[in-house]
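Descriptive structure summary
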Amino acid sequence: MSRRHRYLEPEQAARVYDRIGRWQDLGGFYEREAMGVMLDAAELGSARGVVEIGCGTGSLAASLLGDRLPAAATYLGLDVSPAMVERTRRAVEPFADRAEVRLVDGRSPWPIADHSVDRVLAVYVLDLYSPEATDAFFAEADRVLRPGRLIAVASLTHGARGVSRAVSAMWNGAWRIDPHVTGGCRPVDLEPHLPSTYRRRLDTVITTWGVSSRALVLQAPA
Ligand SMILES: C[S@@+](CC[C@H](N)C(=O)[O-])C[C@H]1O[C@@H](n2cnc3c(N)ncnc32)[C@H](O)[C@@H]1O
């Protein structure tokens, strides 16, 4: 398999998550802590419009709309997997007047007007992306964010030492053999892709059960 083809294309990712998506929330054991730290730093209580890329099962969407966002804030979830879009639509049914979920192709610009949202969230999604797709993610986030607003990301990252280093090496090894085995995810180094004009409000690595995650909150220039 060539280097290029280790990354799942959006169509392949859609098929994988159509198949395995129902078990996605089992990853919560290593995602929860990093996601919580990231959500706290994202100051969602002052957001008016939030977009989540790769909304998955919709469990985060429901908790944002139910607990973290102001009652008037809107939520837009985007995903390439029709099954995941259906799951998120069911999860946000109680908030139908201010929540929308759309199927995207993972290649086109997001269906969002320029400088129209306050937060762009991506939780364990960039670890599926190719380097080119990661650059495109940050360019799109920059296009849709209002000045001074926030990108909030949690993703797998490389463990620095000991058990976490061994776990991330094993994970990477499995991904290299067949990315389908890991749902297309592997530890990634986001550093070369981060927009240099953004201020880092949060940048931390949290290791849970040997799995290292990076939580980032980046603020757009005012
Ligand atoms: C590992 S799951 C994470 C789901 C959810 N954010 C969570 O933390 O439980 C990755 C999700 O991203 C979606 N996805 C993958 N590539 C995408 C893309 N290019 N655009 C939008 N969604 C994508 C998948 O269909 C899947 O729902």
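The structure this text deals with has already been given above.
What comes next is a walk through the structure.

Thresholds, definitions, all that
- Residues numbered from 1 in each chain as written.
- Predicted model: local features only at pLDDT ≥ 70, side-chain atom pairs only at ≥ 80, totals over all residues.
- Heavy atoms only, no water.
- Near = heavy atom within 4 Å.
- Polar contact = N/O pair within 3.5 Å; in protein donor to acceptor, adjacent residues only side chain to side chain.
- Areas by Shrake-Rupley, 256 points an atom, 1.4 Å probe, with all protein chains shown as cover.
- Nonpolar A, V, L, I, M, F, W, Y, C, P; charged D, E, K, R; others polar.
- Pairing = 2+ DSSP bridges.
- Helix = DSSP H or I, 4+ residues; strand = E, 2+ residues; numbered from the N terminus.
- Axes fitted to C-alpha atoms, helices over the stretch in contact; angles between N-to-C directions.
- Contact = heavy atoms within 4.5 Å.
- Expected span 1.5 Å × (residues − 1).
- Buried < 20%, exposed > 50% of the residue type's maximum accessible area, 1.4 Å probe, protein only.
- Arc of directions from axis to C-beta.
- Salt bridge = Lys/Arg side-chain N within 4 Å of Asp/Glu carboxyl O.

1. Focus on the site of the ligand
Taken together, the neighbourhood of the ligand is formed by 18 residues, with Gly-54, Asp-79, Val-123, Tyr-124 and Tyr-129 sitting nearest. For the ligand, an oxygen atom lies 2.6 Å from a polar atom in the side chain of Asp-79. Across the complex, the protein chains shield 94% of the 590 Å² of accessible surface that the ligand would expose by itself. Broken down by class, the residue content of the shell around the ligand amounts to 10 nonpolar, five polar and three charged.

2. Comments concerning the sheet that holds strand E1 (residues 49-53)
With mixed pairing, seven strands are arranged side by side in an open sheet as E3-E2-E1-E4-E5-E7-E6. Across the chains shown, the open sheet's two edge strands, defined by having one partner strand only, are strand E3 (99-103) and strand E6 (199-208). Going across the sheet, the axis of each strand differs from the next one's by a mean of 15°, ignoring polarity. Bridging between strand E2 (residues 74-79) and E3 involves five bridges; their strand directions are parallel. Bridge pairing links Leu-76 to Glu-100 in E3. On the sheet, helix H2 (residues 28-41) packs against strand E4 (117-123), strand E5 (145-156), E6 and strand E7 (211-219) and is oriented at approximately 160° with respect to E6.

3. Looking at helix H5 (residues 131-144)
A rise of 1.5 Å per residue sets the reference length of H5, with its 14 residues, at 20 Å; its end C-alpha atoms lie 20 Å apart and thus fit the reference within 8%. Every buried residue belonging to H5 is among Thr-134, Phe-137, Phe-138, Glu-140, Ala-141 and Val-144, and all of these are buried. One side of H5 holds all its buried residues, which, seen down the axis, span an arc of 160°. Residues of H5 that are buried make contact with E1, E4, E5 and E7.

4. Points about the pattern of salt bridges
Inspection of every chain in the model, using the stated rule, returns 14 salt bridges. With a shortest N-O distance of 3.8 Å, Glu-100 and Arg-102 are connected by a salt bridge. You can call Glu-100 partly exposed: its relative accessible area is 40%. For the salt bridge of Arg-146 with Asp-118, the shortest nitrogen-to-oxygen distance reads 3.0 Å. Separated by 28 residues along the polypeptide, Arg-146 in strand E5 and Asp-118 in strand E4 bring together distant segments of the chain. Judged by its relative accessible area of 21%, Arg-146 falls in the partly exposed class. Here the salt bridges share partners, and the residues they tie into one network are Glu-191, Arg-200, Asp-203 and Arg-214.

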